[in-house]
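# Summary of structural features
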Amino acid sequence: MTTTRKMTPREVGLVEALLADHLDNAFSREHLEALDVEEMDDGGMGSLKFLSSRSARMAQQLSEVTFHDNDGVWVSATLNLDPEGLLFELDIFKGDFSPLIEIPDRLALARPRAGSE
């Protein structure tokens, strides 16, 4: 059973980093902190579904950032939008499929890449 919750400060920082290069970004920290999310069934890697999106499908990858988890394993975090341009999901993939240990501080994140490169 999934539970609705607010994002943690580290999750908010990760989403802020993913939004940083988008000039039309209308999401303030306060707006992000107020969003409801659900944890996705991804084996504990940390993916989140934004409940502000009513869509059942993703339309566009907005940006991606990579980092290494505390155990040295590579992690990819992608911010996806729905067909209306709303936040759809934060998709986190850890290279060895193990649970995510910790999202690093925003300053420790690699530079996000726009689009699906």
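Position numbers for residues start from 1 in each chain and track the written sequence from start to end. A pLDDT threshold of at least 70 governs which residues receive local features in this predicted model, and a stricter bar of 80 or more applies before side-chain atom pairs are shown or counted, although totals over entire chains, interfaces and linings include all residues. Only heavy atoms go into the side-chain values, all of them from the structure, while hydrogens and water stay out.

## A short note on the environment of S52
Cut-off, in case you're wondering: Only runs of H or I of at least four residues qualify as helices and only runs of E of at least two qualify as strands under DSSP, and these elements are numbered from the N terminus. Only protein chains enter the calculation, and the probe is 1.4 Å; a residue is then buried if its accessible area is under 20% of its type maximum, exposed if over 50%, and partly exposed in between. Every residue pair with non-hydrogen atoms within 4.5 Å of one another is taken to be in contact.
With respect to the secondary-structure elements, S52 resides in the loop between β3 (48–50) and β4 (60–68). Look at S52 and you get partly exposed, because its relative accessible area is 33%. Separated by 34 residues in the primary sequence, S52 and L86 place their C-alpha atoms 7.4 Å from one another. Residue contacts for S52: discarding those within four places in its chain leaves L35, D36, L86 and L87.

## Things to note about the layout of surface pockets
Summary: where empty space remains is shown by rolling a probe the size of a single water molecule over the atoms. As a reminder, the rule being used: Buriedness of a pocket was judged along seven lines, with at least five required to meet protein on both sides within 12 Å; pockets are open sets of points on a 1 Å grid over the protein atoms alone, cavities are sets where a 1.4 Å probe fits but cannot get out, and lining residues have an atom within 4 Å of a point. Grid points are joined across faces, edges and corners, and a volume is the space filled by probe spheres set on the points. Each residue receives one of three labels: charged for Asp, Glu, Lys and Arg, nonpolar for Ala, Val, Leu, Ile, Met, Phe, Trp, Tyr, Cys and Pro, and polar for the others, Gly being one of them.
As a volume, the largest pocket reaches approximately 160 Å³. Around the largest pocket sit T8, R10, E11, G44, G46, I92, L100, I101, E102 and I103, which together line it. A class-by-class count of the residues in the lining of the largest pocket yields 4 nonpolar, 3 polar and 3 charged.

## A few points about a nonpolar patch on the surface
Let me state the cut-off plainly: Excluding any residue in a salt bridge, patches collect residues exceeding 30% relative accessible area, merging like charges within 9 Å and nonpolar Val, Leu, Ile, Met, Phe, Trp and Tyr side chains within 5 Å. Where accessible areas are quoted, they stem from the Shrake-Rupley method and a 1.4 Å probe; at the residue level, only the protein chains shown are allowed to cover. Within this document, salt bridges are pairs made up of a side-chain nitrogen of Lys or Arg and a carboxyl oxygen of Asp or Glu, the two lying within 4 Å of each other.
Judged by side-chain polarity, W74, F93 and F97 come together as a nonpolar surface patch covering roughly 320 Å² of accessible area. Along the chain, F93 falls in strand β6 (residues 87–94).

## Comments concerning the packing of aromatic side chains
Stated formally: The criterion for an aromatic pair is that two Phe, Tyr or Trp rings (for Trp, the six-membered ring) have centres within 6.5 Å, with stacked assigned to planes under 30 degrees apart, edge-to-face to planes over 60 apart and tilted to the rest.
As enumerated under the stated definition, the model contains 2 aromatic pairs in all. Aromatic pair W74 and F93: ring centres 6.3 Å apart, planes at 65°, arrangement edge-to-face. Highlighted residues: W74 in strand β5 (residues 74–81) and F93 in strand β6, separated in sequence by 19 residues. Residue W74 is classed as partly exposed on the basis of its relative accessible area, which comes to 38%. According to the relative accessible area criterion, F93 is partly exposed, its value standing at 30%. Judged by centre distance (5.2 Å) and plane angle (85°), the ring pair of F93 and F97 falls under edge-to-face. Each member of the aromatic cluster is reached from another via a ring pair, and the members are W74, F93 and F97.

## Notes on the pairing of β4
Keep this limit in mind: The criterion for strand pairing is that DSSP finds at least two bridges linking the strands in question.
In the sheet, β4 pairs with β5 via 8 bridges, with the strands oriented antiparallel. Each bridged residue has a counterpart across the sheet, and for E64 the counterpart in β5 is T78. Here β4 folds back onto β5 in antiparallel fashion, the turn holding 5 residues, of which G72 has a positive phi close to 90°.

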